[in-house]
Amino acid sequence: MRRVAVSGIGVASPLGNSAAEVFARARAGRSGIRRLDIPFASRLVAPLAATTQLDAEEHFEPAQARMLDRFSLLALFAANQAVDDSCRALSGLERERAGVFVGSGMGGTLTMDGGYKTLYGDGSDRIKPFTILMGMHNAAAAWIGMAHDLRGPNMTYSTACSSSAVAIGEAWLRVASGQLELALAGGAEAPLSAGSLKAWEALHTLAAIDADDASTSCRPFSKNRSGMVLGEGAAMLVLEPWDRAVARGAVIHGEILGCGLSNDASHITRPSVQGQVAAIRAALRSAGMEPQAVQAINAHGTGTHANDCTETAAIAEVFGERAGRIPISATKAMHGHLLGAAGALECVLSLLAMKHELALPTMHLQVPDPECHLDYVPNTARERVPARTMLSNSFAFGGANAVLVLGAGV
Amino acid sequence: MTTTYERLGAILSRDYKLTPEQLTRDAPLEGLGIDSLGLVELLWNVEEEFKITLGTEPVELLTVGDVVGYIDALSTKQTGAPKAGGRTEAASLRVT
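Residues numbered from 1 in each chain as written. Chains lettered and ligands numbered in written order. Predicted model: local features only at pLDDT ≥ 70, side-chain atom pairs only at ≥ 80, totals over all residues. Heavy atoms only, no water.

Caption draft 1: View of the nonpolar core. Residue and element names in this part refer to chain A. Formed by 50 residues in total, the largest nonpolar core has its most connected members in Phe-101, Ile-168, Leu-237, Leu-239, Ile-256 and Cys-347. In terms of residue count, the dominant contributor to this core is helix α14 (residues 342-355) (ten residues). Dropping the residues within four chain positions of it, Ile-256 is found in contact with Val-4, Val-6, Ile-168, Trp-172, Leu-237, Leu-239, Cys-347, Val-405 and Leu-406. Phe-60, Val-83, Ala-190 and Val-238 belong to the second largest nonpolar core, which has 39 residues in total. (Core = buried A, V, L, I, M, F, W, Y, C linked by side-chain atoms within 4.5 Å. Buried < 20%, exposed > 50% of the residue type's maximum accessible area, 1.4 Å probe, protein only. Helix = DSSP H or I, 4+ residues; strand = E, 2+ residues; numbered from the N terminus. Contact = heavy atoms within 4.5 Å.)

Here you go:
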């Protein structure tokens, strides 16, 4: 297996639309969660979301912008930025050996929602002609492939909240094994349609609005948590063989060392300690590492009771008595839950945290929870944490677990 | 009274952000960023705007003027008069 470098990063997220901006906000503990300001908000119990400021027409020609669902827009913006950031990684590339790997849980749900409104809400049969091509889950990956002439595998993964961690893991495998010379990998999600918001609300997993400060409503690992907050955004990485990146003098942001997948095979929503433990161990095995090598973790950390307690127990089981000394960051408190894009954004944040030798804070951890007894880096970034190896956990409905092993790339 | 051309131009300006200089009768649709797929969507919007129903027969529309002619021909056929109330364009449709 070859070493795989991350040589380009692109993001469009509630914390900003560049790696530097996103990292600066995360380091400062600034939340991107707000009261949702849309007309439909009056029909929501708790109109909260983490939105991304990105306008299609500022970045794309009108003819193309008209064909992009928001999830494709976010993905394509992030992919273009990652390529720009990669110092010409595509130059001299055999295009058939370059692939695209995108994760998305809900695909073009805004477009589909619009179609349903027309059909059922308005009682009209006038569905827009682009509905299928905007709504399909693989639209984002297709646009990225077209934009950059990437002619190898063009793959879309939909494993709910672990989609983009799976996409990065699969891309890593293809590059590490020698099948591909380059992959653009990550995820995109734009789940803030009326139908999606109501459906999530109906599941009783969403946070209540903090009356004093809505931006603090997501509180992973805090006893007074009340649930997750939906977010939209995208993050994309350029992955290439380490030796190629070094040879062409690329700026290397870090390294993908491994990926472990598992399935709980037990319940459609309730997470399982056993399943999560299996994913973490599989990830370490794929990287050829022992648990002692892990120096920090980006938690799945959604801010639901089920997640926080299960994830804590899984980490405790894998790392034993050392678990309490590993800094664990739950950044969803700031950027919300980007569902299928969450793993990719958290992978980016983890790489940047290692680069800057710090642990990002778990914000809004106001009340310690006896069931969550580990070191979650509460409320303030911790400087001088020179981690060289991190895990990024993604655990999904359907029991689809994915854990990435990330290296500082030195 | 606005003409068919002006009403079509308003759709094109809105959806494709075209400048008055770009928008001429002779302008090829491809040159405006409207390929065959884009044309499907444009004609959907034309149906909305002009309250006409597209025929099922295949047509080849290459320029803005072609679309104007197509709209007028359909309007005449379906309502007895061009919808816009303006002059009727000579339909230059190429049936494929």
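That shown, we press on.
Caption draft 2: Just empty space enclosed by the protein, in detail. All names here are of chain A. The final tally for this structure, using the stated rule, is two cavities of 30 Å³ or more. Size it by volume and the largest cavity reaches roughly 60 Å³. In terms of lining residues, the largest cavity is bounded by Ala-296, Ile-297, Asn-298, Pro-327, Ser-329, Ser-350, Ala-353, Leu-358, Ala-359, Leu-360 and Met-390. For the lining of the largest cavity, the secondary-structure elements that each account for two or more residues are β9 (296-298), α14 and β11 (358-359). Ranked by residue count, the leading element in the lining of the largest cavity is β9, at three residues. Of the residues that constitute the lining of the largest cavity, the class distribution is eight nonpolar, three polar and no charged. (1 Å grid on protein atoms, 1.4 Å probe; cavity = no way out; pocket = protein on both sides within 12 Å on 5 of 7 lines; lining within 4 Å. Points joined across faces, edges and corners; volume = space filled by probe spheres on them. Nonpolar A, V, L, I, M, F, W, Y, C, P; charged D, E, K, R; others polar.)

Caption draft 3: Spatial organisation of the layout of surface pockets. Counted as a void, the largest pocket has a volume near 830 Å³. Around the largest pocket, the lining comprises 34 residues; the ones closest to its centre are Leu-68, Leu-110, Thr-111, Lys-128 and Met-134 of chain A. If you list the elements that add at least two residues to the lining of the largest pocket, you get α2 (56-59), α3 (62-65), α4 (70-85), α5 (109-121) and α6 (131-135) of chain A together with α2 (36-50) of chain B. Examining the composition of the lining of the largest pocket, we find that five residues originate from one element, α5 of chain A, more than from any other. Of the residues belonging to the lining of the largest pocket, the class tally is 14 nonpolar, nine polar and eleven charged. Of the volumes computed, that of the second largest pocket is approximately 290 Å³. Thr-269, Pro-271, Thr-304, Asn-307 and Phe-397 of chain A are the residues nearest the centre of the second largest pocket, which is lined by 20 residues in total. Split into classes, the residues belonging to the lining of the second largest pocket amount to nine nonpolar, ten polar and one charged.

Caption draft 4: Quick peek at the sheet that holds strand β14 (residues 400-407) of chain A. Residue and element names in this part refer to chain A. Strand order across the open sheet formed by ten strands is β5-β4-β6-β7-β1-β8-β14-β13-β9-β10, with mixed pairing between neighbours. Of all the strands in the sheet, the pair left with one neighbour each is β5 (154-157) and β10 (328-329). One ladder, built from two bridges, connects β9 with β10; its direction is parallel. Paired with Asn-298 across the strands is Ser-329, a residue of β10. (Pairing = 2+ DSSP bridges.)

Caption draft 5: Region of the structure containing the packing of aromatic side chains. This structure, assessed with the given rule, holds four aromatic pairs over all chains. On the basis of an interplanar angle of 25° and a centroid distance of 6.2 Å, the ring pair of Tyr-116 of chain A and Tyr-120 of chain A is categorised as stacked. Taken together, the positions of Tyr-116 of chain A and Tyr-120 of chain A, both in helix α5 and four residues apart, correspond to about one turn of that helix. Ring centres of Phe-221 of chain A and Tyr-376 of chain A lie 4.0 Å apart, and the angle between their planes is 15°; on these two criteria the pair is classed as stacked. Here the residue Phe-221 of chain A occupies a position in the loop between α9 (194-202) and β7 (233-241), and Tyr-376 of chain A occupies one in the loop between β11 and β12 (382-383), the gap between them amounting to 155 residues. In this structure Phe-221 of chain A comes out as buried when scored by relative accessible area, which is 1%. Note on Tyr-376 of chain A: relative accessible area 4%, which makes it buried. A cation sits over an aromatic face here: Arg-3 of chain A above Trp-242 of chain A, 3.8 Å from the ring centre. Here the guanidinium or amino end of Arg-25 of chain B rests over the ring plane of Tyr-5 of chain B, the centre of that ring lying 4.3 Å away. (Phe/Tyr/Trp six-rings, centres within 6.5 Å; stacked < 30°, edge-to-face > 60°. Lys NZ or Arg CZ within 6 Å of the ring centre and 35° of its normal.)

Caption draft 6: The arrangement of the interface of chain A and chain B in detail. Across the boundary between the two partners, chain A contributes eleven residues, which contact twelve residues of chain B. Broken down residue by residue, the surface that chain A buries against chain B is led by Arg-66, Arg-126 and Pro-129 of chain A, which jointly contribute 51%. Counting every contact that joins chain A to chain B gives five salt bridges. Close ionic contact of Glu-41 of chain B with Arg-66 of chain A constitutes a salt bridge, the shortest N to O distance being 2.7 Å. Viewed at the interface, chain B and chain A are joined by seven residue pairs in polar contact (both at pLDDT 80 or more). (Buried area = accessible area lost by both parts, 1.4 Å probe. Salt bridge = Lys/Arg side-chain N within 4 Å of Asp/Glu carboxyl O. Polar contact = N/O pair within 3.5 Å; in protein donor to acceptor, adjacent residues only side chain to side chain.)

Caption draft 7: Structural context of the environment of Ala-46 of chain A. Residues and elements named next belong to chain A. Tracing the sequence through the fold places Ala-46 in the loop between β2 (33-35) and β3 (48-50). Exposure remark for Ala-46: the relative accessible area of 19% places this residue in the buried category. Dropping the residues within four chain positions of it, Ala-46 is found in contact with Glu-201, Ala-207, Ala-208 and Ile-209.

Shape is all these values report; function is a separate question.
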